[in-house]
Amino acid sequence: MVIIIAMATCPECDAEIEVDEFDVDKGDQLSCPECGSSLEVVGLSPLELDLAPDDEDDEDLDADETEEEAEDADDDDEDDEDEDDEEGLDEE
């Protein structure tokens, strides 16, 4: 079995990181052994690393989406009330 070690540079501290080229795929996450930053594989040929997105940012986006969904639901409820009012006028 042949193991090919690729070298990549940590975007945070510029440390050279050895990575088994056949053991990673695009989107995989790893940690820098020098600074501990969470890194994501963004390119395979050549091997390229970028800072991984923070989980906190994802949670913030989820919270924003939830707020937007709640606002949309409120708008839908108001539309339903308007339709009920119009139907009540037709019956009179």
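Look a little higher up for the structure.
Residues numbered from 1 in each chain as written. Predicted model: local features only at pLDDT ≥ 70, side-chain atom pairs only at ≥ 80, totals over all residues. Heavy atoms only, no water.

Novice: I keep staring at the sheet that holds strand 4 (residues 38-44) and nothing clicks. Help me out?
Specialist: Two modes of strand pairing occur in sheets, parallel and antiparallel, and in both the strands are linked by backbone hydrogen bonds. Read from one edge to the other, the open sheet built from three strands follows the order 3-4-5, with strand pairing classed as antiparallel. The open sheet has two free edges, formed respectively by strand 3 (29-31) and strand 5 (47-51), since each of these has just one partner strand. On average, adjacent strands in this sheet sit at an angle of 45 degrees to one another, irrespective of strand direction. (Pairing = 2+ DSSP bridges. Helix = DSSP H or I, 4+ residues; strand = E, 2+ residues; numbered from the N terminus. Axes fitted to C-alpha atoms, helices over the stretch in contact; angles between N-to-C directions.)

Novice: So what exactly am I meant to see when it comes to the nonpolar core here?
Specialist: Looking at soluble globular proteins, one finds that nonpolar side chains tend to be buried together. Residues Ile17, Leu39, Leu47 and Leu49 are the most contacted members of the largest nonpolar core, which totals 13 residues. Within the residue set of this core, elements represented by two or more residues are strand 1 (5-9), strand 2 (16-20), strand 4 and strand 5. Leave out the neighbours within four places in its chain, and Leu47 touches Ala6, Met7, Ala8, Val19, Val24 and Val41. (Core = buried A, V, L, I, M, F, W, Y, C linked by side-chain atoms within 4.5 Å. Buried < 20%, exposed > 50% of the residue type's maximum accessible area, 1.4 Å probe, protein only. Contact = heavy atoms within 4.5 Å.)

Novice: How should the pairing of strand 4 be read in this particular structure?
Specialist: Along any regular strand, the residues point their side chains to alternate faces of the sheet. Here strand 3 pairs with strand 4 via three bridges, running antiparallel. Residue pairing in the sheet places Leu30 in a bridge with Leu39 of strand 4. Turn length for the strand 3-strand 4 hairpin, with the two strands adjacent in sequence and antiparallel, is six residues, and the turn residue Gly36 shows positive phi of about 85 degrees. Relative to strand 5, strand 4 runs antiparallel, the two sharing five bridges. Its bridge partner lying in strand 5, Val41 is registered against Leu49. Adjacent in sequence and paired antiparallel, strand 4 and strand 5 are bridged by two residues.

Novice: I'm lost on the side chain of Ser37 in this one. Help?
Specialist: Here Ser37 shows up in the loop between strand 3 and strand 4. When its relative accessible area of 15% is taken as the criterion, Ser37 is described as buried. Non-local contacts of Ser37, meaning those with residues more than four positions away in its chain, are made with Glu12, Leu30, Ser31, Cys32 and Leu51.

Novice: Can you walk me through the environment of Cys13 in this structure?
Specialist: In this structure, Cys13 sits in the loop between strand 1 and strand 2. By relative accessible area, Cys13 is classed as partly exposed at 32%. Ignoring any residue separated from it by four or fewer positions in sequence, one finds Cys13 in contact with Cys32, Glu34 and Cys35.

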